[in-house]
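# Survey of secondary and tertiary structure
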Amino acid sequence: MDIWNIFDTEWVPVGTWIDQVLNWLVSDFRFVFQAIKVPFDIVLSALEDGLTGAPDLLILGLIALIAWQAGGRRVAVVSTLAMLAIGLMGAWEESMTTLSIVLTCVFFCALAGLPIGIAAARSDRVWNWVRPALDLMQTIPSFVYLVPVVMLFSIGNVSGVIVTFIYALPPLVRLTNLGIRQVRPDMVEAARAFGATKKQTLWKIELPLAMPTIMAGVNQTIMMALSMVVVASMISVTGLGQMVLRGIGRLDMGLASVGGLGIVFLAIMIDRISQSLGQPSRERGHQHWYRTGPLGVVTGFFARPATTGQGKETAATPPNSKTDGKTQA
Amino acid sequence: MSGQEQQKNAGGRSSVARVACKGVWKLFGDRADEALEAARAENLSKDEIRERFDCVLGVRDASFEVYEGEIFCIMGLSGSGKSTLVRHINRLIDPTAGEIHIAGDRVDTMDEAALNALRAEKIGMVFQHMALWPHRTLAETVAFGLEVRGVPKAERRKKAIAALNDMELGDWVDSYPDELSGGMQQRVGLARALAADPDILLMDEPFSALDPLIRRQLQDQFLDLSRKLGKTTIFITHDLDEAIRMGDRIAIMKDGVIVQTGTAEEIVTAPANDYVAAFVDNVPKGGFVTADQIMEPATGTPPGRSIAADTPLDEILATFAEDQAPLAVEKDGNTLGHVTVGDALQALGGKEDT
């Protein structure tokens, strides 16, 4: 053996070990992983059936209404145009599959990420354990865990959701942790001083005040999930990512471009809607969400006769202009 | 209420201790207990404690009693531990050593549930930077203490509106804090503290962040309210003028230690040490120094005019402005001594040769 080139020999066979562990897991515990798939499968199937089964125009209308409700007319116009473009390019069906994968993934990210983020914000010890795990999840190339996921969960859309879940979870945990830690300490102190328990302080004060940051985390998670769809298509996940992959495989530039553009337009739609959801109510002029957008139009119809009935209530509401208040003090 | 009124003596305060701290120590740091032992045994200074144990001294052996219905001011510069001390009363900060009593109950050994009940029902707190929650309307903010105790929505809203009306904020019930000016925001803070009708008010520099005119207004408004409601109040301030204006009694803090406790008169006329003396040096003494403190004991025949022994210096000076002949000082019909223009002017200058 050449002493100057000792690293020619593999001293620590990490690869072999991992192979052994994986084979052991696959042979003895595959049923566990198949069971983990079940909830993902249920949510994904429901969403996918709904989105692809319903008439295209109904879904388009629904997206327009949701966008209007969440972010006003501008967001509605942008989202509708983006989705219209996807439909006209002939990528509607695929985009609905991708959308259902992304939404399923976000649902499970929120389910897991919010409690982890809250726990991390409350205790430095938890955070010290969670942080390296998140670092690992974010830095390890996603191709690396495609193989074990396929071996444990097999291929298909559900496995795609699981791969995407691992990749997209970290920003939500990070920003939930950050959002809660950033709540002004005197806000929390005031809540404690008036007798709120830790749980009440969390739900009534900390989470609402952290919500804009948490929603930024949700937005990031969605964007990460979307960027994963092309990679995930390598384990036979269908949708827009598959169009891109097939386009590359066949050197079909047209097909790849349609898939790519579809992802971009889908991203624009989801990003605009989820970002406007995260806007604090202060920036929306303190209006209740059901008083704006399409629901505002509907409730406006019903509310009008009701308010004339209780004229006293409306008379007692404060003057609307802020300047009035400043001069009063 | 009438029982409370009866207990009050001529000085406007009762002799029933509502809040009491006994030998409260607070050290911040991992080795607080060790540092406490050493600090007690060797009488270490603040800096020595930090050097040897890496602990910051917050409060050192603080003892005081607050009587029912009085306004007790804790005055000190920033870093003197006054905000730390007041947070021990509702245990937002746990003491390292010492006892805290509220109306006979030990606060320092209370469990979580009892403590939350105490905070929600017996103690109202007002904060220096208002600490109003931006996502809650004024009604929701003021009703928070009731909300966490599970009071039904309609009832707590009614109480919140009543509390806001008392603070002349009735038109702003469904507004948000950021729509209000600073003075109005602190009135919301007061309404929140009073909404559950607590017995005790903790006020942590409530008016410091406001501009002078509004501060004055709120001080007056609070004094009126305090006279009306008779709440036991602990009032933190870094402003001696404010302490004298607001406080029935004043405790002066320095480096975590209560240096002197007493009425404004006692502190201004008989400062316990140089630190307090330097503080009260600039306070106009006209309102505090009385005739019997500056007179010369009676000798010879009394001059023609006489004044009562507890006449404040301000009034004596006003009398001299008209006629500069010496004044006799009388108490219960006896002449105690007399005051000359020279005595009065010397007292005004701060030099007392009694």
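Residues numbered from 1 in each chain as written. Chains lettered and ligands numbered in written order. Predicted model: local features only at pLDDT ≥ 70, side-chain atom pairs only at ≥ 80, totals over all residues. Heavy atoms only, no water.

### Quick look at the overall build of chain A
The line we're drawing: Segments assigned H or I by DSSP are reported as helices when at least four residues long, segments assigned E as strands when at least two residues long, and all are numbered from the N terminus. Buried residues are those whose accessible area, probed at 1.4 Å on protein chains only, stays under 20% of the maximum for their type, while exposed residues exceed 50% and partly exposed ones sit between those limits. In this description, contact between two residues means that some pair of their heavy atoms is separated by no more than 4.5 Å.
Per the secondary structure count, chain A includes 13 helices and zero strands. Along its sequence from the N terminus, chain A presents helices and strands in the succession α-α-α-α-α-α-α-α-α-α-α-α-α. Within the span of chain A, comprising 329 residues, buried residues form 41% of the whole. Taking the intrachain contacts of chain A between residues at least 6 apart in sequence as the baseline, contacts between residues at least 24 apart amount to 78%.

### Some words on a negative patch on the surface
Heads up, the rule is: Like-charged residues are merged into a patch within 9 Å and nonpolar side chains (Val, Leu, Ile, Met, Phe, Trp, Tyr) within 5 Å, provided each residue has over 30% relative accessible area and no salt bridge. What sets the accessible areas is the Shrake-Rupley method with a 1.4 Å probe; for residues, cover comes only from the shown protein chains. Any Lys or Arg side-chain nitrogen located within 4 Å of an Asp or Glu carboxyl oxygen qualifies as a salt bridge. As used throughout, the charge tally considers Lys and Arg to be positive and Asp and Glu to be negative, leaving His and the chain termini uncounted. Every charge is mapped onto a representative atom, which is NZ of Lys, CZ of Arg, CG of Asp or CD of Glu.
A surface patch of like charges, here negative, comprises Asp 292, Asp 310, Asp 314 and Glu 315 of chain B. On the basis of relative accessible area, Glu 315 of chain B is assigned to the partly exposed category, the value being 48%.

### Structural notes on the interface of chain B and chain A
Where we set the bar: When two components associate, each loses some accessible surface as probed by a 1.4 Å sphere; the sum of these losses over both components is called the buried area. Polar contacts here mean pairs of N or O atoms no more than 3.5 Å apart (in protein, one a potential hydrogen donor and the other a potential acceptor; neighbouring residues in sequence count only if both atoms are side-chain atoms). Basically, the charged four are Asp, Glu, Lys and Arg, the nonpolar ten are Ala, Val, Leu, Ile, Met, Phe, Trp, Tyr, Cys and Pro, and anything else, Gly included, counts as polar.
Each partner contributes residues to the interface: chain B has 34 residues there, and chain A has 28 residues. Taken together, both faces of the contact between chain B and chain A bury some 3,000 Å²; the carbon and sulfur share is 60%. Where chain B touches chain A, the interface holds three salt bridges. With a shortest N-O distance of 3.1 Å, Arg 192 of chain A and Glu 112 of chain B are connected by a salt bridge. Between chain B and chain A we count seven residue pairs in polar contact (both at pLDDT 80 or more) in total. Among the elements of the structure, α5 (112–121), β6 (123–126), α7 (144–148) and α9 (182–194) of chain B are those that each provide at least two residues to the side of chain B that touches chain A. A breakdown of the residues in the side of chain B that touches chain A according to their chemical character gives 17 nonpolar, eight polar and nine charged.

### Some thoughts on the pattern of salt bridges
Using the criterion set out here, one finds 27 salt bridges over all chains in the structure. One salt bridge in this structure joins Glu 34 of chain B and Arg 31 of chain B, with 3.1 Å as the shortest N-O distance. With a relative accessible area of 41%, Glu 34 of chain B lands in the partly exposed category. For the salt bridge of Arg 106 of chain B with Glu 99 of chain B, the shortest nitrogen-to-oxygen distance reads 3.7 Å. Of the residues examined, Arg 106 of chain B reaches a relative accessible area of 33% and is grouped as partly exposed. A relative accessible area of 29% means that Glu 99 of chain B is categorised as partly exposed. Where salt bridges share partners, they join Glu 189 of chain A together with Arg 87 and Asp 204 of chain B into one cluster.

### Examining the sheet that holds strand β5 (residues 105–106) of chain B
Residue and element names in this part refer to chain B. Rules: Pairing between strands requires that DSSP locate at least two bridges from one strand to the other. To get an axis, fit a line to the C-alpha atoms, keeping to the stretch in contact for a helix; angles then go from 0 to 180 degrees between the N-to-C directions.
The antiparallel open sheet is built from four strands, whose spatial order is β2-β1-β4-β5. Two strands lie at the open edges of the sheet, namely β2 (56–67) and β5, each paired on one side alone. When strand β4 (residues 97–102) meets β5, the two strands line up antiparallel, connected through two bridges. Looking at the pairing, His 101 lines up with Arg 106 of β5. Its contacts with the sheet place helix α2 (residues 32–42) against β1 (17–28), β2 and β4, and it is angled at close to 105° to β1.

### Structural notes on the nonpolar core
Let me state the cut-off plainly: In this description, a nonpolar core means a group of buried Ala, Val, Leu, Ile, Met, Phe, Trp, Tyr and Cys residues linked to one another through side-chain atoms lying within 4.5 Å.
Core analysis: the largest hydrophobic core is formed by 163 residues, its most contacted members being Met 83 and Leu 266 of chain A together with Phe 64, Ile 89, Phe 222, Ile 234 and Ile 250 of chain B. Ranked by residues supplied to this core, first place goes to helix α8 (residues 198–232) of chain A with 16 residues. Core analysis: the next-biggest nonpolar cluster, separate from the first, contains 14 residues, Ala 291, Leu 313, Val 329 and Val 339 of chain B among them.

### Some thoughts on a nonpolar patch on the surface
On the surface, Phe 7, Trp 11, Val 12, Val 14, Trp 17 and Ile 18 of chain A cluster together into a nonpolar patch covering about 710 Å² of accessible area. With respect to the element layout, Ile 18 of chain A can be found in helix α1 (residues 14–53).

### Here we look at the sheet that holds strand β9 (residues 249–254) of chain B
Residue and element names in this part refer to chain B. One open sheet accounts for six strands, arranged β6-β7-β8-β3-β9-β10; its pairing is mixed. If you trace the sheet from one side to the other, it starts and ends with β6 and β10 (257–262), each paired once. Within the sheet, the average angular offset between the axes of one strand and its neighbour, ignoring direction, is 15°. As paired strands, strand β7 (residues 200–204) and strand β8 (residues 232–237) are joined by five bridges and run parallel to one another. Looking at the pairing, Met 203 lines up with Phe 235 of β8. In this fold α9 packs onto β6 and β7, with an angle of close to 170° to the strand it touches most, β6.

### A closer look at the confidence of the model for chain B
What counts, and what does not: Each residue carries a pLDDT score, the predictor's own confidence in it, on a scale running from 0 to 100.
Summing up the model confidence of chain B, the mean pLDDT is 83 and the portion of residues at 70 or higher is 92%. Taken together, the stretch residues 1–13 of chain B has pLDDT below 50 and engages in 17 contacts with residues farther than four places along the chain or on a different chain.

### Topic: the environment of Lys 82 of chain B
Residues and elements named next belong to chain B. Within the fold, Lys 82 resides in helix α4 (residues 82–89). Taking the C-alpha atoms as reference, Lys 82 lies 9.2 Å from Val 257; in sequence the two are 175 residues apart. Residues contacting Lys 82, with those up to four places away along its chain left out, are Ile 74, Met 75, Gly 76, Leu 77, Glu 205, Ile 236, Thr 237, His 238 and Met 253. From its side chain, Lys 82 meets the backbone oxygen of Gly 76 in a polar contact 3.1 Å long.

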